[in-house]
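Fold and geometry: a report
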Amino acid sequence: MRRLRRLWWVVPVAAVLFVAATMRLPYYSIGPGPARSVEPLITFEEHQRYESDGEFVLTSIHYERLTGFGVVQAWLDRDLTVVGRDFLFRPGESRQEEERRSISQMDQSKLTAAYLVLSELTDYPEENGGGVLVEGVVEGCPADGELFPGDLVVGIDGVDLTDVGQARSVIDALPEDRRVSFDVVVDGEEHDVRLQREPCVDGDRAVVGVRLIDNFPFDVLISSGSIGGPSAGLAWALGLYDLLTPGDLTGGRMIAVTGQLGLDGTVYPIGVPDEKVVAASRAGASVLILPEENLAEARSVGDQGVELVPVRSFGEALAWLRDNGGASSEDGGR
């Protein structure tokens with residue numbers, strides 16, 4: 001009986017330990033993810049392809065929901081960052097919805113990269129493939145969840161499209177209270193998407209909430225697999241530019257790249273750049289090109305044996321590569 005009294009605490013302690021080991025908390029660990037070589041993931045036809053001796057690699061992160069024990073373990077691991085759920089998810093967003101949003105952001109980063117590079121190296125967008133591409137949609141507007149980055153719009157309201165200017169004219173000519181019918185081609189299949197315009201952005205003007213760009217003069221296919229998010233834009237652009245131009249921008253090195261890219265070439269900051277530095281180091285990269293605004297945080301992980309190159313634009317990244325061992329033709333063989 002005395003022995004049972006002495007062990008009264010075992011059951012509640014065991015229960016607490018069980019909960020700490022199995023119950024998932026609204027906290028996540030973020031750590032370095034795999035680095036993938038960019039150029040083998042890019043394919044195109046109707047243009048000369050110039051391979052490089054080195055490689056551009058995109059860096060990624062891995063995140064995992066934590067238990068109580070997991071939070072403690074992650075805090076003790078120098079290569080992991082512990083964040084709350086709201087760092088990764090929007091209010092009320094499920095894991096599946098976050099994954100769809102992340103993949104959509106990745107698709108948009110590919111389109112932005114191709115738009116920027118083809119604009120510099122070819123006569124695009126004046127010469128294009130007909131129709132218009134969905135570059136992005138505005139969250140909360142009618143197009144959100146109905147149209148997606150990469151969708152090819154071949155007609156609006158029964159009018160066959162040749163370029164973005166025509167698409168805008170057709171939409172503007174329709175009464176605001178009338179549904180807009182988009183003829184969309186996805187994976188070779190045509191769909192009819194009808195949307196009612198709403199005043200979903202600043203101002204009272206009713207809009208669909210879609211951003212369009214001219215279709216590319218030739219197909220550019222980029223395979224990103226399960227990696228999502230917007231931060232690979234700069235990596236895709238540099239890889240595509242290198243493949244379309246004679247010479248070798250990498251200078252024979254492994255160069256890691258991260259940064260969200262705008263259609264005008266601006267490089268925007270990304271989240272957890274410190275984890276990207278570790279990912280670049282683990283991959284064996286000698287250089288990490290990253291957004292200038294992320295430099296201070298990237299330096300916080302200490303010396304990882306990777307040279308950090310901060311840039312504000314795609315043009316700055318190209319200039320640094322050319323000035324530091326890389327070489328390529330600037331006209332892309334126009």
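Overview of the structure. (Residues numbered from 1 in each chain as written. Predicted model: local features only at pLDDT ≥ 70, side-chain atom pairs only at ≥ 80, totals over all residues. Heavy atoms only, no water.)

1. Quick notes on the state of the cysteines
How we decide: In this description, the term disulfide denotes a pair of cysteine sulfurs within 2.5 Å. Only runs of H or I of at least four residues qualify as helices and only runs of E of at least two qualify as strands under DSSP, and these elements are numbered from the N terminus. For every residue, the accessible area (1.4 Å probe, protein chains only) is compared with the maximum for its type, and the residue is labelled buried under 20%, exposed over 50%, or partly exposed between those bounds.
Taken as a whole, this structure holds one disulfide when the rule is applied. A disulfide bridge connects C141 with C200, and the sulfur atoms are separated by 1.9 Å. Across the S-S bond linking C141 and C200, the dihedral sits near 100°, which makes this disulfide right-handed. Highlighted residues: C141 in the loop between β7 (132-137) and β8 (152-156) and C200 in the loop between β11 (189-195) and β12 (210-214), separated in sequence by 59 residues. By relative accessible area, C141 is classed as buried at 4%. Among the residues examined, C200 registers a relative accessible area of 24% and is labelled partly exposed.

2. Considering the pattern of salt bridges
Our working definition: Counted as salt bridges are all cases of a side-chain nitrogen of Lys or Arg within 4 Å of a carboxyl oxygen of Asp or Glu.
Within this structure, the stated rule accounts for eight salt bridges. Across the pair E135 and R211 runs a salt bridge, and its minimum N-O distance is 3.1 Å. With E135 in strand β7 and R211 in strand β12, this residue pair connects regions lying 76 residues apart in the sequence. In this structure E135 comes out as buried when scored by relative accessible area, which is 4%. Using a relative accessible area of 35% as the deciding quantity, one classes R211 as partly exposed. Residues D192 and R194 are paired through a salt bridge, measuring 2.9 Å at the closest nitrogen-oxygen approach. A residue is classified by how much of its surface remains accessible, and R194, at 55% relative accessible area, is exposed.

3. Digging into the pairing of strand β18 (residues 287-291)
Inclusion rule: Two strands pair if DSSP finds at least two bridges between them.
For β18, the buried fraction is high: five of the five residues fall into the buried class. In this sheet, β18 lies alongside strand β15 (residues 254-257) in parallel orientation, the contact comprising three bridges. Looking at the pairing, V257 lines up with I289 of β18. Alignment of β18 against strand β19 (residues 307-311), held across five bridges, turns out to be parallel. Counterpart to V287 in the pairing with β19 is E307.

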